[in-house]
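Working through the structure, step by step
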Amino acid sequence: MNKFENNGGENLDENLPAEEETKRKEFFDKIITIPVSKEEFLQIGKQNHPEMEDAEILQTKGLNFEKDGEIVILMRTDVYPEKYMPYLETHEKWDAWVARKDGYNLFKKSAREYKNDKSVENFDDKTKQEFYDELSIYNYDFRHEYAIYKEYEQAMNDGKLEEYHRWIMDLREDEKKTANEKTLQLIANDTRIRESVYKKLTEGSNHRFTRN
């Protein structure tokens, strides 16, 4: 069985203790998934992330956020064909779970790992804010990669991993034609992660997450 490990070797596979697995399933059951158009996705995305540019919001194909105590997932129907929609839903559900689950993506845990020899307590306000901005990206990359792993694992179990991966890679290439510099970097990062996960799943080896 394929396992997903962090760079410390900790097993982050779905084979959790029964109590934790129950919590995860209950969390998933309470999630509301809503297929939306590109226009609806952009409008709601701007409401939740006013600091982001339109192109950056539209680089994502799904979005999860909290509203009135519930987790809502938006899925773009203009990008994902119906046959691949379950993989997008899986990605967003695991992204939401990892972002909120103790032991996976704790902000303090990431801060310890990312901090290294940095004396954050001695930073001025501007430098400290820049540090935590970088940490947010560091944190996001981890849960994004974990969610891709779960998404690809499902496609593999359905016998569709190769065709799904090729479809995603073709989509990324098409996006590059109109992407700005920031979006190009996002595409490059996502492509790197997907190629790595795809290779490890098809080789049947463990996938080790390594943060830069």
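Reading guide: rules and limits
- Residues numbered from 1 in each chain as written.
- Predicted model: local features only at pLDDT ≥ 70, side-chain atom pairs only at ≥ 80, totals over all residues.
- Heavy atoms only, no water.
- Salt bridge = Lys/Arg side-chain N within 4 Å of Asp/Glu carboxyl O.
- Helix = DSSP H or I, 4+ residues; strand = E, 2+ residues; numbered from the N terminus.
- Buried < 20%, exposed > 50% of the residue type's maximum accessible area, 1.4 Å probe, protein only.
- Core = buried A, V, L, I, M, F, W, Y, C linked by side-chain atoms within 4.5 Å.
- Contact = heavy atoms within 4.5 Å.
- Pairing = 2+ DSSP bridges.
- pLDDT = per-residue confidence, 0-100.
- Arc of directions from axis to C-beta.
- Axes fitted to C-alpha atoms, helices over the stretch in contact; angles between N-to-C directions.
- Parallel < 35°, antiparallel > 145°, perpendicular 65-115°, else oblique.
- Left-handed = near helix turned anticlockwise from the far one by under 90°.
- Nonpolar A, V, L, I, M, F, W, Y, C, P; charged D, E, K, R; others polar.

Quick look at the pattern of salt bridges
- For the structure shown, the criterion picks out 15 salt bridges.
- Note that glutamate 175 and arginine 172 form a salt bridge whose closest N and O atoms lie 2.9 Å from each other. Separated by three residues within a single helix, glutamate 175 and arginine 172 lie in helix α7 (residues 161–175), roughly one turn from each other. Across the pair, arginine 172 and glutamate 175 agree in class, each one buried.
- Ionic pairing is found between arginine 194 and aspartate 190, a salt bridge with its closest N-O pair at 2.8 Å. Taken together, the positions of arginine 194 and aspartate 190, both in helix α8 (residues 181–203) and four residues apart, correspond to about one turn of that helix.

Some remarks on the nonpolar core
- Counting residues in each nonpolar core, the largest one holds 32 residues, and the members touching the most others are Phe27, Tyr80, Tyr152, Tyr164 and Val197.
- Not counting residues within four places of it along the chain, the set of residues in contact with tyrosine 80 comprises Lys61, Met85, Leu88, Glu151, Tyr164, Trp167 and Ile168.
- Within the second largest apolar cluster, ten residues are counted, among which are Leu42, Met52, Leu58 and Leu63.

Some remarks on the pairing of strand β3 (residues 62–67)
- The sheet contact formed by β3 and strand β4 (residues 70–76) spans six bridges and is antiparallel. In the sheet register, glutamate 66 faces β4, and the bridge partner there is isoleucine 71.
- From the end of β3 to the start of β4, which pair antiparallel, there are two residues, and aspartate 68 there has a positive phi angle of about 55°.

Focus on the confidence of the model for the chain
- For the chain, the mean per-residue pLDDT works out to 79, and 72% of the residues sit at or above 70.
- When pLDDT is averaged over each helix and strand of the chain, the minimum, 45, is found for strand β1 (residues 4–5) and the maximum, 96, for α7.
- Low confidence marks residues 1–14, where pLDDT is under 50. Its contacts with residues over four positions away, or in another chain, come to 53 contacts.
- In this model, residues 103–107 is a region of pLDDT below 50 whose contacts with residues beyond four sequence positions or in other chains number 19 contacts.

Examining helix α2 (residues 38–48)
- Regarding α2, the residues found buried are Phe41, Leu42 and Gly45. Each buried residue of α2 sits inside an arc of 95° when the element is viewed along its axis, so together they form one side. The outward face of α2, more than 90 degrees from its buried face, is lined by the exposed residues Glu39, Gln43 and Gln47.
- Turning to α2, the residues buried within the fold contact β2 (32–36), α3 (54–59), β3 and β4.

Looking at the packing of α7 against α8
- In the contact formed by α7 and α8, the axes pass within 11 Å of each other and the chain directions differ by 165°. Comparing their axes, α8 and α7 come out roughly antiparallel. In this structure, the crossing between α7 and α8 has a hand that is left-handed. Mapping the contact onto sequence places Leu161, Glu162, His165, Arg166, Ile168, Met169, Arg172 and Glu175 in α7 and Ile187, Asp190, Thr191, Arg194, Glu195, Tyr198, Leu201 and Thr202 in α8.
- Here the contact of α7 with α8 is built from residues that sort into six nonpolar, three polar and seven charged.

Quick notes on unusual backbone geometry
- One non-glycine residue, aspartate 68, lies in positive phi territory at about 55°.
- Among the structural elements, aspartate 68 can be located in the loop between β3 and β4.

A word on the packing of helix α1 (residues 18–29) against helix α4 (residues 85–100)
- For the pair α1 and α4, interaxial distance at closest approach is 10 Å and the crossing angle is 125°. In terms of orientation, α1 lies oblique with respect to α4. Regarding α1 and α4, the two cross each other, and that crossing is right-handed. In this structure, α1 contributes Glu20, Lys23, Arg24, Phe27 and Phe28 to the contact, and α4 contributes Lys93, Trp94, Ala96, Trp97 and Arg100.
- Residues that form the contact of α1 with α4 fall into these classes: five nonpolar, no polar and five charged.

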